[in-house]
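Observations on chain architecture
In case you want the letters, here they are:
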Amino acid sequence: MKLSVIGTGYLGAVHAACMAELGFDVVGIDVDADKIATLQSGKAPFFEPDFEPILERNIAAGRLHFTTDFSAMADADVHFVCVGTPQAAGSLAADTRYVDSAIEEVARYAKAGSVVAGKSTVPVGTAARLQAKLDELSAHGIELAWNPEFLREGFAVEDTLHPDRIVIGVQGESAEGWLRQVYASMIAANTPFLVTDFPTAELVKVSANAFLATKISFINAMAEVCETVGGDVVALADAIGHDVRIGRRFLNAGIGFGGGCLPKDIRAFQARAAELGVEEAVAFLRDVDAVNMRRRSRVVELANEMLGGTVGKRIAVLGAAFKPNSDDVRDSPALDIASTLAEGGADVIIYDPEAMANALKRFPSLKTADSIEQALTGADAVLHLTEWKVFRDINPVEAKNLMNHAFMIDGRNALDLQAWRAAGFEAKALGRP
Ligand code: UDX
């Protein structure tokens with residue numbers, strides 16, 4: 001069986017390489033010639049653990065190719081659409097224009113009997129619209145399925161090869177059969193395989209992300225309450241997390257969620273619900289977003305309180321990526337806080353093990369350090385904003401020796417506050433005494 005993957009960003013590149021790893025012949029197609037050249041040379045255009053070896057191995061084996069030529073999909077049996085659906089400029093809604101162009105390319109080149117599986121995160125109703133578009137543009141009766149993706153950055157290969165469930169939304173007869181063949185090894189390993197209609201499959205993805213965002217904002221709201229009453233949100237999360245109905249995962253309070261998915265998806269969900277007249281059903285997502293954004297402001301406030309104003313103060317920011325094990329800075333809380341402080345007149349210097357290049361693309365005027373030591377040297381305060389392991393391994397005594405003043409804020413509740421205090425730091429965290 002031959003597969004094509006349209007859109008070789010984060011999702012598509014990993015999906016293409018993992019499908020080749022399963023033994024399929026795969027062609028990855030994208031309009032971005034630089035990205036295609038990088039991938040074809042066996043190099044990852046982004047940081048993702050475990051991805052590059054799979055890429056290299058499958059290109060060398062001749063099972064995986066990348067091209068900008070859309071006609072390369074002509075002999076594929078299944079076409080995966082993995083293009084981005086970013087937040088549209090000046091609106092909360094998702095911009096689906098790349099999904100539309102991908103479908104136009106499929107209609108132009110796909111052979112009769114082949115099927116399309118959409119993996120991009122789309123507003124509910126998109127799949128039905130795209131099937132109608134395919135029917136109009138192609139005489140081959142090409143069937144569409146919606147097959148949402150749940151991969152996490154930093155675990156993309158693991159999540160693609162060992163998903164905790166596979167969901168497909170279908171309308172016709174043949175797409176399910178083809179996708180059962182694609183995912184046969186996972187189905188044989190007892191991975192739940194759920195077949196639904198189009199709207200349910202589309203909603204599975206947005207509602208999963210809305211739930212995760214809500215869980216994070218719930219604990220961050222509790223952190224706000226803890227700050228008022230003197231409670232400890234980490235102990236609170238541990239205690240409620242022991243209830244199996246609640247669970248401890250995704251209850252880490254801190255500066256909140258960012259990235260290319262959660263913030264965009266809860267906004268697009270609200271925009272789509274408003275179009276459908278069910279705005280009230282997801283009105284709580286406004287608060288989820290608001291709690292999330294307030295945590296960023298809280299760190300800026302804390303830094304000002306601690307330092308008696310931040311103008312002219314040297315602040316070392318540890319972390320730029322939206323989460324560890326990623327170089328992605330899209331909607332990164334760390335970078336947002338760093339740039340707000342810098343715009344407010346602080347002398348901010350930032351360090352991240354992998355995300356410096358992307359951080360500089362977004363904020364070219366940011367002052368960057370080449371190492372943790374360089375960032376800390378002469379700093380009046382250190383802000384820990386992305387919980388990379390190398391930051392947890394910092395020895396607070398050594399940090400204090402490098403710094404001008406011993407002030408620390410842990411925006412991720414991941415450092416050992418007692419150890420930092422024992423080293424002589426005035427150390428603060430979110431939602432903790
Ligand atoms: C998310 C979903 O988890 C994934 O299933 C979907 O396919 C894409 O969106 P990802 O964006 O890679 O994945 O990141 P995730 O691990 O979910 O973290 C999102 C954000 O939430 C990060 O900024 C992270 O730091 C933050 N987070 C996560 C918390 O603040 N607290 C937590 O307890 C967990």
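A quick note: this is a predicted structure, and the numbers were derived from the prediction, not measured. Along each chain, residue indices are assigned from 1 in the same order as the chain's sequence is written. This being a predicted model, a pLDDT of at least 70 is required before a residue's local features are given, and a value of 80 or more before pairs of side-chain atoms are given or counted; all residues contribute to the totals for chains, interfaces and linings. Hydrogens and water are ignored here; the side-chain numbers use all heavy atoms of the structure.

Only DSSP runs of H or I covering at least 4 residues are called helices, and only runs of E covering at least 2 are called strands; the numbering of each starts at the N terminus. Scanning the protein chain from terminus to terminus reveals 18 helices and 14 strands. Against the compact-globule benchmark of 22 Å for 433 residues, the protein chain has a radius of gyration of 23 Å, which places it among compact chains. The principal-axis extent of the C-alpha atoms belonging to the protein chain is close to 70 × 50 × 40 Å. Each of the 433 residues in the protein chain was classed as buried or not, and the buried ones make up 54%. Counting every atom, the protein chain has about 18,000 Å² of accessible surface; 53% of that belongs to carbon and sulfur. Considering the protein chain, the positive charge centre built from 41 side chains and the negative charge centre built from 58 side chains are found 3 Å apart. Within these notes, the globule rule equals 2.2 Å times the number of residues to the 0.38 power, and the radius of gyration is based on C-alpha atoms. Only protein chains enter the accessibility calculation, which uses a 1.4 Å probe; a residue is then buried when its area is under 20% of its type maximum, exposed when over 50%, and partly exposed in between. Each accessible area is a Shrake-Rupley result for a 1.4 Å probe, and residues are judged covered by the shown protein chains and nothing else. Asp and Glu are treated as the negative residues and Lys and Arg as the positive ones, with His and the ends of the chain left uncounted. To locate a charge, take atom NZ for lysine, CZ for arginine, CG for aspartate or CD for glutamate.

Size of an interface: often given as the accessible area lost when the parts come together. Residue ranges assigned to the domains are those given by an automatic or database domain assignment. The domain boundaries assigned to the protein chain delineate domain 1 (2-196) and domain 2 (197-433). Contacts between domain 1 and domain 2 engage 34 residues on the former and 28 residues on the latter. Accessible-area loss on putting two parts together, using a 1.4 Å probe and summing over both, is the definition of buried area adopted here. Overall, the association of domain 1 and domain 2 removes approximately 2,500 Å² of surface from exposure, summing both partners, and the carbon and sulfur fraction of that is 63%. The largest contributions to the domain 1 side of the interface with domain 2 come from Phe 47, Val 124 and Glu 153, which together make up 30% of the buried area. Two residues, Arg 330 and Glu 153, come together in a salt bridge whose shortest N-O distance is 3.3 Å. Polar contacts here mean pairs of N or O atoms no more than 3.5 Å apart (in protein, one a potential hydrogen donor and the other a potential acceptor; neighbouring residues in sequence count only if both atoms are side-chain atoms). Counting every contact that joins domain 1 to domain 2 gives 14 residue pairs in polar contact (both at pLDDT 80 or more). Taken together, the elements giving at least two residues each to the side of domain 1 that touches domain 2 come down to α5 (126-137), β6 (143-146) and β7 (166-170). Residues belonging to the side of domain 1 that touches domain 2 are distributed by class as follows: 20 nonpolar, ten polar and four charged. Any two residues having at least one pair of non-hydrogen atoms within 4.5 Å are treated as being in contact. By definition here, a salt bridge exists when the distance from a side-chain nitrogen of Lys or Arg to a carboxyl oxygen of Asp or Glu is within 4 Å. Amino acids are sorted into nonpolar (Ala, Val, Leu, Ile, Met, Phe, Trp, Tyr, Cys and Pro), charged (Asp, Glu, Lys and Arg) and polar (every other residue, Gly among them).

Near the ligand, the surroundings consist of 20 residues, among which Phe 150, Glu 153, Asn 252, Phe 322 and Lys 323 are the closest. The backbone of Phe 150 places a nitrogen or oxygen atom 2.8 Å from an oxygen atom of the ligand. The backbone of Leu 151 places a nitrogen or oxygen atom 2.9 Å from an oxygen atom of the ligand. Out of a free accessible area of 670 Å², the ligand has 92% covered by protein chains. A total of four residues in the shell around the ligand trace back to one element, the largest contributor, which is helix α9 (residues 198-229). Here the shell around the ligand gathers at least three residues from each of two domains, domain 1 (2-196) and domain 2 (197-433). Any residue with at least one heavy atom within 4 Å of a molecule or strand is counted as near it.

What follows is about the environment of Arg 165. Relative to the helices and strands, Arg 165 is located in the loop between α6 (156-161) and β7. Polar contacts involving the side chain of Arg 165 include one to the side chain of Asp 164, which spans 3.0 Å.

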